[in-house]
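# What the coordinates show
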Amino acid sequence: GTSASAAPPISFNEALQYFQTADLSECRKKVRATVRRQGLAALLRFLFGPPRLQPQLQGERELALAMAQCGLDDNERVHMRILQTIYKKLTCSRLGCPRYGAHWEELGFQGADPGTDLRGTGMLGLMQILYFVMDSQTLPLAREIFQLSQHETQACPSPFFPSSPRWCLPNFPFCIMSVNITRIVVQALREECLSRECNRRQQVIAVLNDLYAAAFLQLYRVWKWQHKTLADSGFLLKELESATKKKPKQLLKSLEAYVNASAAADALQRPSPPSAAAGSHRAGEDVAFTGVCDLRVELEGDARLI
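Criteria and thresholds
Residues numbered from 1 in each chain as written. Predicted model: local features only at pLDDT ≥ 70, side-chain atom pairs only at ≥ 80, totals over all residues. Heavy atoms only, no water. Helix = DSSP H or I, 4+ residues; strand = E, 2+ residues; numbered from the N terminus. Buried < 20%, exposed > 50% of the residue type's maximum accessible area, 1.4 Å probe, protein only. Contact = heavy atoms within 4.5 Å. Areas by Shrake-Rupley, 256 points an atom, 1.4 Å probe, with all protein chains shown as cover. Salt bridge = Lys/Arg side-chain N within 4 Å of Asp/Glu carboxyl O. Polar contact = N/O pair within 3.5 Å; in protein donor to acceptor, adjacent residues only side chain to side chain. Axes fitted to C-alpha atoms, helices over the stretch in contact; angles between N-to-C directions. Parallel < 35°, antiparallel > 145°, perpendicular 65-115°, else oblique. Nonpolar A, V, L, I, M, F, W, Y, C, P; charged D, E, K, R; others polar. Phe/Tyr/Trp six-rings, centres within 6.5 Å; stacked < 30°, edge-to-face > 60°. Lys NZ or Arg CZ within 6 Å of the ring centre and 35° of its normal. pLDDT = per-residue confidence, 0-100.

With an unreviewed UniProt entry as reference, the protein is termed ELMD3 protein, source organism Ibidorhyncha struthersii.

Printed below as a string of structure tokens:
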């Protein structure tokens, strides 16, 4: 394949501006209409369900859904810059990489062509990874999750001999997991589960991005501290989908607390200014989290990784 290593990195805002001005008419035709309830279900949703999205936000919602129907195009320079930026940020490489190859499998795609793994999320799937790695507040989290996804083994408590841990395979495909999380937040948007938060912030895509990061943080905590493996991924994604639709505000607050705690830890770890007394600086301590939120939901149907 050809290499796009000379392409400069692209910011999320620059990429978003491209999609705001690009001709997405064919993609918009593929957008599925929001499911409308009828009868008693419609009445219950009107009385107790979330509010409708305000009219001035409909255009941004339609843009997000159109991006989810837009496939990766080798002839679009912005598409290629997004792909290269994701590669460089996750691998900490200054060099680009060929468009096709086994290196994409190392990032967690299923094969040599990332475009084949974007079914159901399109370029929005890549845009959310781009946001994750280009935002200074979420980049450390993105790299932590990426590193966890590549761990070969970890100690897992044995169900029969808790004092004698067994070794299991915790690694998971980072980018495939990311695409699944994008699919979840898109479905929550389609079902109007995010309207209240979007109306409050007067934003749609920013809410989608924050909820994506919050859901990935939740998955990361559960996977790491409960020693999950790839065999658990379907069940975990089903739980995450339920939480995203029913408790988006709780997930967003968890992300905000994480970002604030990380910022405080970074401030403690910065060296003292020259004017400060020698030895007065105290090294920052590890951030202690309250623990993993155990989600108790009733699951319907089979859950599996796409």
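## With respect to the overall build of the protein
Helix and strand counts for the protein come out as 13 helices and 2 strands. Here the protein holds 306 residues, and the buried ones make up 44% of them. Long-range pairs, those at least 24 residues apart, make up 72% of the contacts in the protein between residues at least 6 apart in sequence. For the protein, the exposed surface amounts to about 16700 Å²; the carbon and sulfur share of it is 52%.

## Remarks on the pattern of salt bridges
Summed over the entire model, instances satisfying the criterion amount to 9 salt bridges. For Glu14, the salt bridge is made with Arg81, and the minimal N-O distance between the two is 3.0 Å. Taken as a pair, Glu14 in helix 1 (residues 12–21) and Arg81 in helix 5 (residues 77–91) lie far apart in primary sequence, 67 residues in all. The buried category is assigned to Arg81, whose relative accessible area is 11%.

## Examining unusual backbone geometry
For Cys92, which is not a glycine, the phi torsion comes out positive at approximately 60°. Tracing the chain through its elements places Cys92 in the loop between helix 5 and helix 6 (103–106). The exposed category is assigned to Cys92, whose relative accessible area is 54%. Residues other than glycine seldom take positive phi values, yet Glu192 does so here, at roughly 65°. You can see Glu192 is positioned in the loop between helix 9 (174–190) and helix 10 (195–201). The exposure class assigned to Glu192 is buried, which follows from its relative accessible area of 9%.

## Some points on the environment of Thr85
As for its placement among the helices and strands, Thr85 is situated in helix 5. A relative accessible area of 3% places Thr85 in the buried class. Residues within four places of Thr85 in sequence aside, it is in contact with Pro8, Pro9, Ile10, Leu130 and Met134. Polar contacts involving the side chain of Thr85 include one to the main-chain amide nitrogen of Ile10, which spans 3.0 Å.

## Considerations on the packing of helix 1 against helix 7 (residues 122–134)
Packed helices, taken two at a time, are described by the angle between their axes plus the distance between the axes. Interaxial distance between helix 1 and helix 7 falls to 9 Å at its minimum, and their mutual angle equals 155°. When the axis of helix 1 is compared with that of helix 7, the two are roughly antiparallel. Touching Phe12, Ala15, Leu16 and Phe19 of helix 1 are Met123, Met127, Leu130 and Tyr131, all from helix 7. Tallied by class, the residues present in the contact of helix 1 with helix 7 amount to 8 nonpolar, no polar and no charged.

## Some remarks on the packing of aromatic side chains
Aromatic ring pairs are defined here through the distance separating the ring centres and the angle between the ring planes. Applying the stated criterion across every chain yields a total of 10 aromatic pairs. Here Tyr18 and Phe19 contribute two aromatic rings whose centre-to-centre distance is 5.0 Å and whose plane-to-plane angle is 75°, an arrangement assigned as edge-to-face. For Phe19, a relative accessible area of 1% puts it in the buried group. An aromatic cluster is built from Phe132, Phe146, Phe174, Tyr212 and Phe216, whose rings are joined through pairwise contacts. Here the guanidinium or amino end of Arg99 rests over the ring plane of Tyr100, the centre of that ring lying 4.3 Å away.

## Describing the confidence of the model for the protein
Per-residue confidence for the protein averages 81 on the pLDDT scale, and 74% of its residues sit at or above 70. Scored below 50 in pLDDT, residues 164–170 shows 30 contacts in the model against residues more than four places distant or in partner chains. Here residues 276–304 is a poorly scored stretch, pLDDT under 50, and it has 32 contacts once near neighbours within four places are set aside; other chains count.

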